Amino acid sequence: DVHLLIHIKKHELFERHNMDLYCKKTIPLKDALCGFSLEIPHLNGKVLRITNKNQLNVVKPGYVKEVPQYGMVRSEMNETGKLILELDVEFPENITIEQRDALEKILV
């Protein structure tokens, strides 16, 4: 008898959820308010560029974007999952009085 013990290492960027790949990234508060551009190196060797710089929406913590056809591939069933990108927002630890005053004027 042959017994195989297989250990699957955790990937530094992706988690697999069935056929979908899950990726969590953190962006600074400025990018959440003013727009962001991310480059994500995919398992297939391509670099995905995801941006919202041309949109006026604000990214809130827990924002989720789904990218079809960038998940795991099951060729025998011609099935491909999606990439699920979740964004967290990093808030500054503190701000100066000048920054606070400027924000109070801007954020009405």
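Here is a short report on the structure shown in this document. (Residues numbered from 1 in each chain as written. Predicted model: local features only at pLDDT ≥ 70, side-chain atom pairs only at ≥ 80, totals over all residues. Heavy atoms only, no water.)

## Here we look at the pairing of strand S5 (residues 63-74)
- As paired strands, S5 and strand S6 (residues 79-90) are joined by eight bridges and run antiparallel to one another. Paired with Arg74 across the strands is Glu79, a residue of S6.
- Connecting S5 to the next strand, S6, in antiparallel fashion are four residues, including Asn78 with a positive phi near 50°. (Pairing = 2+ DSSP bridges. Helix = DSSP H or I, 4+ residues; strand = E, 2+ residues; numbered from the N terminus.)

## With respect to the pattern of salt bridges
- Under the counting rule described, the total for this entry stands at four salt bridges.
- Across the pair Arg49 and Glu39 runs a salt bridge whose closest N-O atoms are separated by 3.1 Å. Pair noted here: Arg49 is in strand S4 (residues 47-51) and Glu39 is in strand S3 (residues 37-41), with a separation of ten residues, a long-range link.
- Taking the shortest distance from any N to any O, the salt bridge between Glu66 and Lys82 comes out at 3.7 Å. Remark: Lys82 occurs in strand S6 and Glu66 occurs in strand S5; sequence separation between them is 16 residues.
- Residue classification places Glu66 among the partly exposed positions, given a relative accessible area of 45%.
- Of the residues examined, Lys82 reaches a relative accessible area of 27% and is grouped as partly exposed. (Salt bridge = Lys/Arg side-chain N within 4 Å of Asp/Glu carboxyl O. Buried < 20%, exposed > 50% of the residue type's maximum accessible area, 1.4 Å probe, protein only.)

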